Structures are given as structure tokens and as C-alpha cells.
Amino acid sequence: MDSSKELIKTVDLLLDISSVLMVSGANTSRVNLSIDRFASALNFKASCFISHKSIIMTLYEEHTTLSCTRVKNIPPHAINFSIISAISKASWNAVEERWTLSQIEREIEIIKKQTRYPKLVVLMAVSLAGSGFCKIFNGDYFNMGVAFISTFIGLLIFQLTHKEKFNVYLRIYFASLIASIVAATGIIFHIGENPQTALATSILFLVPGVALINSFTDLLENNIINGMVRFTTGLMTVLAIALGLFITMLLFQLN
Amino acid sequence: MLTTLLNLLEVAVWSGIAALGFGILFNIPRSTIFTVFMLGFAAGFIKFTLIHFHIHIVLATFIAVFVIGIICMPIAHKIHHPPVVFCIPPAIPMIPGYFAYETVLSVMNFLFMEDNSTKRADLIDAIFTNGFTMFFILISITIGISLPMLLLRKSSVKKLGD
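Residues numbered from 1 in each chain as written. Chains lettered and ligands numbered in written order. Predicted model: local features only at pLDDT ≥ 70, side-chain atom pairs only at ≥ 80, totals over all residues. Heavy atoms only, no water.

Visitor: In this structure, what is going on with the interface of chain A and chain B? I would like to understand it.
Guide: Many authors give the size of an interface as the accessible area that is lost as the parts come together. Across the contact, 56 residues belong to chain A and 52 residues belong to chain B. Summed over both partners, the interface of chain A with chain B comes to about 5100 Å²; 75% of that surface belongs to carbon and sulfur atoms. Our count for the contact surface shared by chain A and chain B stands at one salt bridge. Residues Lys135 of chain A and Glu10 of chain B are paired through a salt bridge, measuring 3.5 Å at the closest nitrogen-oxygen approach. Linking chain A to chain B there are nine residue pairs in polar contact (both at pLDDT 80 or more). When residues of the side of chain A that touches chain B are traced back to their parent elements, those giving at least two are α2 (28-41), α3 (81-97), α5 (119-136), α6 (141-163), α8 (195-202), α9 (209-220) and α10 (224-252) of chain A. If you tally residues by element for the side of chain A that touches chain B, the top one is α5 of chain A, at 11 residues. (Contact = heavy atoms within 4.5 Å. Buried area = accessible area lost by both parts, 1.4 Å probe. Salt bridge = Lys/Arg side-chain N within 4 Å of Asp/Glu carboxyl O. Polar contact = N/O pair within 3.5 Å; in protein donor to acceptor, adjacent residues only side chain to side chain. Helix = DSSP H or I, 4+ residues; strand = E, 2+ residues; numbered from the N terminus.)

Visitor: Even after reading the chapter, I still don't get unusual backbone geometry, so can you show me in this structure?
Guide: Backbone geometry follows two general trends: most residues other than glycine have a negative phi, and most peptide bonds adopt the trans configuration. Residues and elements named next belong to chain A. Even without being a glycine, Lys165 presents a positive backbone phi close to 60 degrees. Counting through the fold element by element, Lys165 comes out in the loop between α6 and α7 (168-188). On the accessibility criterion, Lys165 (74% relative accessible area) is exposed. Even without being a glycine, Asn222 presents a positive backbone phi close to 70 degrees. (Buried < 20%, exposed > 50% of the residue type's maximum accessible area, 1.4 Å probe, protein only.)

Visitor: What should I look at first to understand the nonpolar core in this one?
Guide: Inside soluble globular proteins, nonpolar side chains tend to come together where they are buried. Ile17, Phe38 and Ile104 of chain A together with Tyr101 of chain B are the most contacted members of the largest nonpolar core, which totals 115 residues. It is helix α1 (residues 3-24) of chain A that provides the largest number of residues to this core, a total of 10 residues. Viewed by domain, this core spans two of them, domain 1 (3-112) and domain 2 (119-252) of chain A, each represented by three or more residues. Here Ile104 of chain A is in contact with Leu13, Ile17, Phe38, Leu42, Ala94 and Trp99 of chain A, once residues within four sequence places are set aside. (Core = buried A, V, L, I, M, F, W, Y, C linked by side-chain atoms within 4.5 Å. Domains from an automatic or database assignment.)

Visitor: Just checking my understanding: could you explain the pattern of salt bridges for this structure?
Guide: Side-chain pairing between opposite charges can occur once the charged atoms of the two side chains come close. Residues and elements named next belong to chain A. Counted under the stated rule, the structure contains six salt bridges over all chains. Arg230 is the salt-bridge partner of Asp218, the closest N and O atoms lying 2.9 Å from each other. Separated by 12 residues along the polypeptide, Asp218 in helix α9 and Arg230 in helix α10 bring together distant segments of the chain. Residue classification places Asp218 among the buried positions, given a relative accessible area of 0%. Sharing partners across several salt bridges, the network here consists of Asp16, Glu109 and Lys112.

Visitor: Honestly, the layout of surface pockets in this entry has me stumped. Any pointers?
Guide: Over the atoms a probe the size of a water molecule is rolled, and this reveals where empty space is left. All names here are of chain A. If you add up the space inside the largest pocket, you get close to 1700 Å³. Considering the residues around the largest pocket, the lining is formed by 47 residues, among which His77, Ala78, Ile79, Phe158 and Val168 are closest to the centre. If you tally residues by element for the lining of the largest pocket, the top one is α1, at six residues. Broken down by class, the residue content of the lining of the largest pocket amounts to 27 nonpolar, 13 polar and seven charged. (1 Å grid on protein atoms, 1.4 Å probe; cavity = no way out; pocket = protein on both sides within 12 Å on 5 of 7 lines; lining within 4 Å. Points joined across faces, edges and corners; volume = space filled by probe spheres on them. Nonpolar A, V, L, I, M, F, W, Y, C, P; charged D, E, K, R; others polar.)

Visitor: Looking at this model, I keep getting lost on α6 of chain A. Mind explaining?
Guide: Owing to its 3.6 residues per turn, the α-helix aligns residues three or four sequence positions apart on the same side. Compared with the 33 Å implied by 1.5 Å per residue over 23 residues, the 34 Å span of α6 of chain A between its first and last C-alpha is a close match. Every buried residue belonging to α6 of chain A is among Asn143, Met144, Val146, Ala147, Ser150, Thr151, Gly154, Leu155, Phe158, Gln159 and Thr161 of chain A, and all of these are buried. Elements in contact with the buried residues of α6 of chain A: α5, α7 and α8 of chain A together with α1 (2-25) of chain B. At the N-terminal end of α6 of chain A, a side-chain oxygen is found 3.3 Å from the backbone nitrogen of Phe142 of chain A, two or three residues along, and the residue is Asp140 of chain A. Remark: Lys165 of chain A follows α6 of chain A within two positions and exhibits a positive phi of approximately 60 degrees. (Expected span 1.5 Å × (residues − 1).)

Visitor: Would you mind going over the domain arrangement of chain A with me for this structure?
Guide: All names here are of chain A. Split into domains, chain A comes out as domain 1 (3-112) and domain 2 (119-252). Distance between the C-alpha centres of domain 1 and domain 2: 34 Å. Contact residues are listed per partner, giving 11 residues for domain 1 and 10 residues for domain 2. Taking both partners together, domain 1 and domain 2 bury about 850 Å²; carbon and sulfur atoms supply 49% of that area. Contact with domain 2 buries surface across domain 1, with Asn27, Thr28 and His52 losing the most and accounting together for 49% of the total. Counting across the interface, domain 1 meets domain 2 through zero salt bridges. Put simply, domain 1 and domain 2 have seven residue pairs in polar contact (both at pLDDT 80 or more) between them. The residue makeup of the side of domain 1 that touches domain 2, split by class, is five nonpolar, six polar and no charged.

Below, the structure written as C-alpha cells:
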């Protein structure tokens, strides 16, 4: 293969890796770190601009004039820590064992095919997490039951609307609205000792924890643009959640 | 004494479950499930023990999350996963959901329902107290989790250099 074709192939692979990392919820410095590792394993240097929606990367050899610049759009984000972990491990192995381009390609394909937890397992786990939250905020077992059911229904709505390709903030708003309406019935029928804890915790499964934590690590490492983008995304999510809760409170005239 | 300890342990177990639930939502690797649960348990236990000894919730949250961030480093080397994967989920149950709820509730009452001016003053007090507590807890979570990770990254890059 001639060297310019190989360069294009390499830059495409590196762009693919960084896009997968961004989608899975890695912070900017981790994406940079992984790109540097893979590039050094293949004896290249890479410089890139990473943003929320697209990545621009230039790949070059240090002692020649050969270089290649490409841009890749990033698909919508879906947090997946297994992929982050697997790519991190692959990058170490690639550096230590001097993997070839096709070896890395094969490994990335395998990583991308990894399955997620089944939807039902996620639903049960997150609903249990919701009732755990309720316990943390002083709810009793009845409140925890209400929190479980409302989280379950809210997340179900969130998952089902995913297939219909609605706007993500609209989905968050509807999930928050419906989860809080279900939990508000607990207040109306006085289920348990602190029914308001169930209402407060029913919407927490939507909280943008990863976006906010990543935004701070990005800001602390001077990746200001990405930090601001992530913070704004987190803020929009919080606003959508708060709006859903707000409407429920207004509907049920809680005070 | 024993009942307090049991209560603390119960809350800690539930915060471990909450951490694990979010971990599964974030699709953590299967081999980190136990670690995430234990870290969530430890974080909850530290936080609620500190609150039991009348330490303010903001400081208690910060200490709990910071401890998690610190002990993530040796664990990351031991189980061969990057620290982000298992130190973010245990921080999620610290999120100040109840303060957020109280803030939204007070804002709504202030805007749409309350006419009595003394009660409106109380509501302003509630908005500020709950709102700022929520804000500072969020700040302490993010700083507590990212500070140890920044310190770790330094050593990680060094290894690549040589």
C-alpha cells in the first residue's frame, strides 16, 4: 500500500476511535491520551481539535512533509463505560506490543460490537437505584416502592421515545413529567411517611451526572470550549427535568 | 449506638445499590460491578457518618467523594480499568436531589401560589438556602472527584513517555 493511502486509513481509524470515545462519555483529555497512544504505536503524530459535534484531526510523520487532515461528525452521545475501559486497555496493548494498523482495526471492531446490558436489567437496576435514593433522603419502604414504580415508568418512557427519534430534551421533559406525576399520586393518597421524598427522587435517574463531572474535569484541564459545551448540555438537561417537575407541582397544586 | 450503626449501614447499602444502578445505566464493565457497589457503600457510609456527627452536608459530601477519588487510583491499577469507569457511579448518589426538589417547589409557590408577604419572605429564604446548598454540593462532588483524577493523570502520562 502506498504511504498516502495508509495515512488516510490511519487517520480514519483514529477519528473513529475518538468519536467512539466521545460518544461513550470520555472527557477530552482521555480522548487525546488515547489518540496519542494509538498514533505513537503506529509511529505517527496527531494533532486534533475535539468538539462536541465533530473532530478535526491532522496526522503526520515527524520527519517528512506527509500529512493528512480529516473531519468527522460525532453521532449523538450514549454513555458507555465498557467501551472507554476496553479502548484504554487496547491503547496500552497497542503501545507495548507495537500493534499494526489492521490489528488495531480488528480490536476496535470487536469493542464496538460489545453488547449493552439488556433493557430489562437496566430498568430494574435504575429503578432500584431510584428507591435507594429515596432511602438516602429519609424515605420509608412505602416511599421507596413509589420511587421504584415512578422511576421504572419514567425510564420506560425515556427508552421508548428513543426509538421515535424525538429531540433529547423533549424526551427528558416527558420522562420527568410522567415520572413525577406517578410519584405525586403518592402524595395525594398519603402513601408512606414522607411521600415528598418519592417525588424528589423519582426524576433523579435523568440527572446529567457524567456531563457535569466531565465538564469540570475539562474546564480544570483548560479544555474550556468542551467544558462549556458539556456544562451547557448538563444545564439544559437540568432545566428540562425541572420543567417537568414544575408542571407536575402546578397540576397537583403542591405546597 | 447499635441502632445508629445499623441505620447507617442500611443507608450505606442503599447508596451502594444506587451507585450500582447508575453504573449499569452507564454500562460499566461486568468485572467492575462489585467494586462500584463497594465504593458506593463506602461513600454513603462516610457521608452519613459525618452527617451523624453534625458535620455540614456540603463538607461531608466533599470528604466522601474525595476519599472515593483517592482510593480509585490503587484500585484502577489492580483491576485494570481506567478510574473514570468506576469512580463516577459512586458519586451519583451524592447528588442533592432533595434540595433541588425543595428549590423548585419554593420557586413555584413563590411565583404562582402565595400572596401573603411574610410567607413570601420565608419562601425567598427557602429558595436561597436550598438552592445554594444544592449548588455547593454539586461543586463539591465535581471537585472532589476530578481533583484526584487530575493528580493520577500526571503519573499515567509519565509512563507513556519513557
